[in-house]
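# Working through the structure, step by step
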Amino acid sequence: MASDGTTVPDYTLRWFSLDDPLIEYQPLPGFIVPDFAFSPDNYHLAAFAKTEAGDQSAIYLIDLATGISQKMIDLNWAESLVWRPDGEYLAVIGKLHEGDDMSPMVIHANTGVIAYQIDMSELNTALYDRWTVYTWSVIFPKKEMGMQNCAQPQPPD
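Described below are features of the structure shown in this document. (Residues numbered from 1 in each chain as written. Predicted model: local features only at pLDDT ≥ 70, side-chain atom pairs only at ≥ 80, totals over all residues. Heavy atoms only, no water.)

### A closer look at the pairing of strand β4 (residues 44-51)
Summarising burial for β4: 7 of the 8 residues are buried, a large majority. The pairing of strand β3 (residues 31-38) with β4 spans 6 bridges and is antiparallel. Bridging from a neighbouring strand, phenylalanine 36 pairs with alanine 47 of β4. The hairpin formed by β3 and β4 contains 5 residues between the paired strands, and asparagine 42 there has a positive phi angle of roughly 60 degrees. Where β4 folds back onto strand β5 (residues 57-63) in an antiparallel hairpin, the turn is made up of 5 residues, including glycine 54, whose phi is positive at roughly 80 degrees. (Buried < 20%, exposed > 50% of the residue type's maximum accessible area, 1.4 Å probe, protein only. Helix = DSSP H or I, 4+ residues; strand = E, 2+ residues; numbered from the N terminus. Pairing = 2+ DSSP bridges.)

### Comments concerning the side chain of lysine 95
Positionally, lysine 95 belongs in strand β8 (residues 89-95). One buried charged residue, lysine 95, forms no salt bridge at all, with the nearest opposite charge on glutamate 98 at 4.7 Å. Beyond its immediate sequence surroundings of up to four residues, lysine 95 is in contact with Leu75, Asn76, Trp77, Asp100, Asp101, Met102 and Met105. (Lys, Arg positive; Asp, Glu negative; His and termini not counted. Salt bridge = Lys/Arg side-chain N within 4 Å of Asp/Glu carboxyl O. Contact = heavy atoms within 4.5 Å.)

### Remarks on the sheet that holds strand β10 (residues 114-117)
The 4 strands are arranged β7-β8-β9-β10 in an open sheet whose pairing can be described as antiparallel. Each end of this open sheet is capped by a strand with a single partner; those strands are β7 (77-83) and β10. Between one strand and the next, the sheet's axes are offset by a mean angle of 25 degrees, whatever the strand orientation. Bridge count for strand β9 (residues 103-108) against β10 is 3 bridges, and the pairing is antiparallel. Note on β10: the bridge partner recorded for methionine 105 is glutamine 117. (Axes fitted to C-alpha atoms, helices over the stretch in contact; angles between N-to-C directions.)

Written out as structure tokens, the structure reads:
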């Protein structure tokens, strides 16, 4: 599929190769992708994807060399996806089912098993001994910013 740049923006996940930028790849057709994170080795992409109808939603692990995706875990919603530096775990803020409260959780990337989950109210308290993500040397939850920040320099603090 090729794009001439005149299509209306949406939340589907697409990429192209610098070898042939006219060819557009869409690894999760039929899904919108509100959040994603590249693995530390840059070989995979974790993407939260859901159908427009909202009847299917999950985190998928996409092999960037082949474009093949595999479901990691079914979640009703997920955001702030952050990898542990060794690529073994993924931290997210999400909910398993409709009506659940959002909660921070750590998911094993290969098995999709939730290894750790805490109540959202505990995230901002001193849980350094209990909340493993604090030892990863990453920012979590990540600061959400629009794509315009990729194209313009940030003002100094």
